[in-house]
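# Structural overview for review
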Amino acid sequence: MGKSLFQKVWEAHTVGSLADGRTQLFIGTHLIHEVTSPQAFGMLRDLGLKVKYPKRTFATVDHIVPTINQDAPQDPLASDMMEALQQNCDEFGVTYFDLKSGKQGIVHVVGPEQGITQPGTTIACGDSHTATHGAFGAIAFGIGTTQVRDVLATQTMALAPVKVRRIEVNGELQPGVYAKDVILHIIRQLGAKGGIGYAYEYAGDVFDRMSMEERMTVCNMSIEGGARCGYVNPDAKTLAYLKGRPYVDMNDFDATAERWLSFASDADAHYDDIVKIDAADIEPTVTWGISPDHGISISENIPDPAHAKSNEQKATIEEALSYMKLEAGMPIDGVKIDVAFIGSCTNGRLSDFREVAKYIKGHKVADGVQAIVVPGSQIVAHQGKGLDKIFSEAGFEWRGAGCSMCLAMNPDKLVGDQICASSSNRNFKGRQGSPTGRTVLMSPVMVAAAAIKGHVTDARKLFTIDSQAVAS
Amino acid sequence: MAIEPVTQVTGRGVFIPGADIDTDRIIPARFMKCVTFDGLGEFAFYDVRFNPDTGEKTDHPLNDERFKGASILLAGVNFGCGSSREHAPQSLKKYGFDGVIAESFAEIFFGNSTTLGMPCVVASAENIARLRADVEADPSVEITIDIENLKVFSSSGMEFNVEMPASAQEALVSGRWDPIQELLDNSSAIETTAEKLFYV
Ligand code: SF4
């Protein structure tokens, strides 16, 4: 019986077994940002430890950085954190992509962009969306701050292996159905805790056809499905994306490429579970509630607790409806929005903005809607030159790079109970900065359509989306 | 680095209602602008403890005087889902919780809690519901999580089995819940692994 990529990478990085039975796993690449690293550096200092492989840790600033006047946050706590990161990187010899570098951005955008994210490697970052890097065939874990300390001090951490579930999506996606819809659909099917104890391997025609950026969108939300990590096997697209990037060794690229591909799952690999999904069943999907598995297709109605399958489900639906101030049984299409946000490590890459820009020409954001577009990195912002005009003409604000309105740590926040059509990954209560703020997750094109209409709507009715959404 | 074994924790309990209590709920992101974890305790469950519009205390169980000083948290399914922020278990620990009993836990939260020496054990919905009823009828009921034997006892007379992965149990009872020393001790094995890796 063959091996899955997960098993191969795990074995290659195993240092040994710890007394409690866990594995001491070597972490090839460590990514850090300003929010979850200062405490870890503090712990290192307390213990008198050094960073063992400073060249294997890379830092950037994303969560708290403002998207307007980036280097001068009004919030003194934010500037403290930015300064602490700078100091820690200087003191411990860590590479830092700061605001002046022209390479700053959301850590999960920066890693791939720089070619730091590579197949067959282990990656850890004190951020749950580290799974994003799995798009390259890396095993990438989100970790806590104490583990950030462990990785800094030893380049390893204690972990128990997980099971592997292969999720196959075969067939053709309908036009207007994007990578975001695919993952929202998977999470809806398997549940927000369906992935507990698993790594997700995404396989089948649909992922084979996806661009690297689309694969990142899918892997990014593995964590919303409860999985520890998610990945796509490396292939020719992976190689083409990485070739020539700053951190890719070009000395003998063919040999490197061969090594990378050798980590792909064997055809007869063992899986603990296999789930098959038909691409034709996937519709543009949006969330109506407060958990990422509260997804429905744009043409469906908001669930009615009266039809719940269990008391627990009934209570969850009631809680979600009361928080969202939505009525059971009403169509999600037509729900008014106040804010539209396109960005985040899920959908803040160049291809996301390009796809939206194709359709918004000649349209205007509805009165009373604030629409913001936030590139995932300075490089995306730079490459998007020209797109900014298209967005501005349509009434969207084009901002500086960062996490922005994905979470509540910088000035971009919802106010009161505003509803936001958002291309980000979490619709938890209060996630977007206001304790009563409401989030409706969807693909970037759907966000743009909602911004223009002023309410949640089927983008396919507003725009002519005849192209195959997933790049071929 | 001597670390105390955690073989059992005892204290009064409080039930936090709801499934899928995520880490944003446990510690809202705006309180994460800190360079140390000190002082996080007072922000645990902040947005559900205080009315966001008026700032007034809500009827959240943690505001209920009867449960003041409770140190065992009882919860439902998928407790601690969402972000990997260690700020979440840190805030619970600093708030005064020594252990959590829930129907299930999100993995990163579980691991982060173990690493802080705060045991999280899984119990059946029925047992949690009964324990909750006992605690709500009489908040002075003492609950013990016995990590060595994977049992929970209460002074109200309940006794039931709980689950926890063997590695976490072993780490807690042997005082190795903070793995740093053991990781550091394997320095030469780490270097051997690094040498074999093509990209390091
Ligand atoms: S964009 Fe959102 S999910 Fe991604 S790293 Fe930033 S805060 Fe986390």
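Residues numbered from 1 in each chain as written. Chains lettered and ligands numbered in written order. Predicted model: local features only at pLDDT ≥ 70, side-chain atom pairs only at ≥ 80, totals over all residues. Heavy atoms only, no water.

## A look at the overall build of chain B
The line we're drawing: For the purposes of this entry, the term helix denotes a DSSP run of H or I that reaches at least four residues, the term strand denotes a run of E that reaches at least two, and both are numbered from the N terminus. To get the radius of gyration, use the C-alpha atoms; to get the globule rule, take the number of residues to the power 0.38 and multiply by 2.2 Å. Residue exposure (1.4 Å probe, protein chains only): buried if accessible area is under 20% of the type maximum, exposed if over 50%, otherwise partly exposed.
Scanning chain B from N- to C-terminus turns up eight helices and seven strands. Here the C-alpha radius of gyration of chain B, 18 Å, is about what a compact globule of 200 residues would show, namely 16 Å. Taken along the three principal axes of its C-alpha coordinates, chain B extends 60 × 40 × 25 Å. Put simply, chain B has 200 residues, and 57% of those count as buried.

## Comments concerning the packing of helix α6 (residues 179-190) of chain A against helix α8 (residues 212-220) of chain A
Residues and elements named next belong to chain A. For the record, the criterion: Here the axes come from fitting lines to C-alpha atoms, over the contacting stretch only for helices, and the angles between their N-to-C directions go from 0 to 180 degrees. These descriptions rest on fixed angle ranges, namely under 35 degrees for roughly parallel, over 145 for roughly antiparallel, 65 to 115 for roughly perpendicular, and the rest for oblique. If you view the pair so one helix is near and one far, a crossing is left-handed when the near helix is turned anticlockwise from the far one by less than a right angle, and right-handed when it is turned clockwise. Here a residue-residue contact requires only that any non-hydrogen atoms of the pair lie within 4.5 Å. Gly falls in the polar group here, along with every residue not listed as nonpolar (Ala, Val, Leu, Ile, Met, Phe, Trp, Tyr, Cys, Pro) or charged (Asp, Glu, Lys, Arg).
Where α6 meets α8, the closest approach of the two axes is 8 Å, and the angle between their N-to-C directions is 25°. In terms of orientation, α6 lies roughly parallel with respect to α8. Regarding α6 and α8, the two cross each other, and that crossing is right-handed. Across the interface between the two elements, A179, K180 and I183 from α6 touch E214, T217 and V218 from α8. Tallied by class, residues from the contact of α6 with α8 come to three nonpolar, one polar and two charged.

## Notes on the site of the ligand
Residues and elements named next belong to chain A. Formally: We call a residue near a molecule or strand whenever a single non-hydrogen atom of that residue lies within 4 Å of it. Where each domain starts and ends follows an automatic or database-derived domain assignment.
The environment of the ligand is formed by H63, I106, H108, D127, H129, S344, C345, C403, C406, L407, N425 and R431. Its residues placed into classes, the shell around the ligand shows five nonpolar, five polar and two charged. Both domains that furnish three or more residues to the shell around the ligand are identified here as domain 1 (5-274) and domain 2 (284-462).

## Digging into the packing of helix α13 (residues 350-360) of chain A against helix α16 (residues 444-453) of chain A
Residues and elements named next belong to chain A. Two elements in contact, α13 and α16, have axes whose closest approach is 9 Å; the angle formed by their N-to-C orientations is 40°. Between α13 and α16, the angle is such that the two are oblique. Our pair here, α13 against α16, has a crossing hand that is right-handed. Between α13 and α16, the contacting residues are D352, E355, V356, Y359 and I360 on the first element and P444, V445, A448 and I452 on the second. A per-class count over the contact of α13 with α16 returns seven nonpolar, no polar and two charged.

## Remarks on the side chain of S424(A)
Residues and elements named next belong to chain A. Spelled out, the test is: Any pair of N or O atoms that falls within 3.5 Å is considered a polar contact. Within protein, one atom must be able to donate a hydrogen and the other to accept it, and sequence-neighbouring residues count only if both atoms are side-chain atoms.
Note on placement: S424 falls in the loop between β18 (419-422) and β19 (438-441). In this structure the side chain of S424 is engaged in a polar contact, spanning 2.6 Å, whose partner is the side chain of S422. Leave out the neighbours within four places in its chain, and S424 touches K180, F341, G343, S344, T346, C406, Q432 and L441.

## Describing the packing of aromatic side chains
Two numbers describe a pair of aromatic rings. These are the distance of the centres and the angle of the planes. What counts here: Two aromatic rings, drawn from Phe, Tyr or Trp (for Trp, its six-membered ring), form a pair once their centres lie within 6.5 Å of each other, and the interplanar angle then sorts them: stacked below 30 degrees, edge-to-face above 60, tilted otherwise. Ring-over charges, as used throughout, are those where CZ of Arg or NZ of Lys falls within 6 Å of the ring centre and within 35 degrees of the ring normal.
Under the counting rule described, the total for this entry stands at 26 aromatic pairs over all chains. Relative to F50(B), the ring of Y46(B) has its centre 4.7 Å away and its plane inclined at 40°; by these criteria the two rings are tilted. Since its relative accessible area comes to 26%, Y46(B) is described here as partly exposed. One aromatic cluster in this structure is built from F353(A), F391(A), F396(A) and W398(A). Lying across the ring of Y198(A), R165(A) places its NZ or CZ 4.0 Å from the centre.

## With respect to the nonpolar core
The criterion, for reference: We define the nonpolar core as a collection of buried residues of types Ala, Val, Leu, Ile, Met, Phe, Trp, Tyr and Cys that are connected through side-chain atoms lying within 4.5 Å of one another.
One finds F6(A), F141(A), I332(A), I360(A), F391(A) and F396(A) to be the most contacted residues of the largest nonpolar core, which totals 105 residues. In this structure, this core is formed jointly by two domains, domain 1 (5-274) and domain 2 (284-462) of chain A, each of which donates at least three residues. Among all residues touching F141(A), those that are not within four sequence positions of it are F6(A), W10(A), L25(A), I123(A), A124(A), C125(A), T130(A), M157(A), L159(A), R228(A) and C229(A). Ranked by size, the runner-up nonpolar core spans 53 residues in total, among them C34(B), I101(B), C120(B) and V162(B).

## With respect to helix α2 (residues 38-47) of chain A
For α2(A), the set of buried residues is P38(A), Q39(A), A40(A), F41(A), M43(A) and L44(A). Contacts from the buried residues of α2(A) go to β3 (29-32), α3 (76-92) and α5 (145-154) of chain A together with α3 (87-95) of chain B. The first or second residue beyond α2(A) is G48(A), which carries a positive phi of 65°.

## Here we look at unusual backbone geometry
All names here are of chain A. Here S344, not a glycine, exhibits a phi torsion of approximately 85°, which is positive. Of note, S344 is situated in helix α12 (residues 344-347). Take S344: its relative accessible area is 0%, and that puts it in the buried class.

## Quick look at the interface of chain A and chain B
The criterion, for reference: Any Lys or Arg side-chain nitrogen located within 4 Å of an Asp or Glu carboxyl oxygen qualifies as a salt bridge.
With 74 residues of chain A at the contact, the number on the chain B side is 50 residues. At the junction of chain A and chain B, the tally comes to six salt bridges. Put simply, K33(B) and D75(A) hold a salt bridge, and the shortest N to O gap is 2.6 Å. Summed over the shared surface of chain A and chain B, the number is 19 residue pairs in polar contact (both at pLDDT 80 or more). Mapped onto the side of chain A that touches chain B, the elements with two or more residues apiece are β1 (14-17), β2 (23-26), α2, α3, α5, β8 (156-159), α10 (253-261) and α11 (311-324) of chain A. A per-element tally of the side of chain A that touches chain B places α5(A) first, with seven residues. Class assignment for the residues of the side of chain A that touches chain B results in 33 nonpolar, 25 polar and 16 charged.

## Describing a negative patch on the surface
Residue and element names in this part refer to chain A. Formally: Patches here: salt-bridge-free residues with over 30% relative accessible area, like charges joined within 9 Å, nonpolar side chains (Val, Leu, Ile, Met, Phe, Trp, Tyr) joined within 5 Å. For accessible areas, the Shrake-Rupley method is used with a probe of radius 1.4 Å. Any residue's cover is judged against the shown protein chains and nothing else. Charge counting follows a simple rule: Lys and Arg are positive, Asp and Glu are negative, and His as well as the terminal groups are ignored. Charge coordinates come from a single atom per side chain, which is NZ of Lys, CZ of Arg, CG of Asp or CD of Glu.
Together, D249, D252, D254 and E258 give the surface a local cluster of negative charge. Mapped onto the secondary structure, D249 falls in the loop between α9 (236-242) and α10. Given a relative accessible area of 45%, D249 falls into the partly exposed group.

## Brief notes about the domain arrangement of chain A
All names here are of chain A. Our working rule: Buried area: the sum, over both parts, of the accessible surface (1.4 Å probe) that disappears when the two are put together.
Looking at the assigned domains, one finds that chain A contains domain 1 (5-274) and domain 2 (284-462). Relative to domain 2, the C-alpha centre of domain 1 lies at a distance of 25 Å. Contact with domain 1, which involves 45 residues of that partner, is made by 46 residues of domain 2. Summed over both partners, the interface of domain 1 with domain 2 buries about 3,600 Å², with 55% contributed by carbon and sulfur atoms. Across the contact surface, domain 1 and domain 2 share two salt bridges.

## Concerning the pattern of salt bridges
Taken as a whole, this structure holds 34 salt bridges over all chains when the rule is applied. A salt bridge links K193(A) to D20(B); its shortest N-O distance comes to 3.5 Å. Note that K193(A) is positioned in the loop between α6 and β10 (198-203) and D20(B) in the loop between β1 (8-15) and α1 (23-26), a pairing that runs across two chains. Here D412(A) makes a salt bridge to R399(A), at a shortest N to O gap of 3.1 Å. Taken together, the residues span a long stretch of sequence, with D412(A) in the loop between β17 (397-398) and β18 and R399(A) in the loop between β17 and β18 at a distance of 13 residues. Residue D412(A) is classed as buried on the basis of its relative accessible area of 8%. Look at the salt bridges and you will find they share partners, linking E319(A), K429(A), D22(B) and R25(B) into a network.

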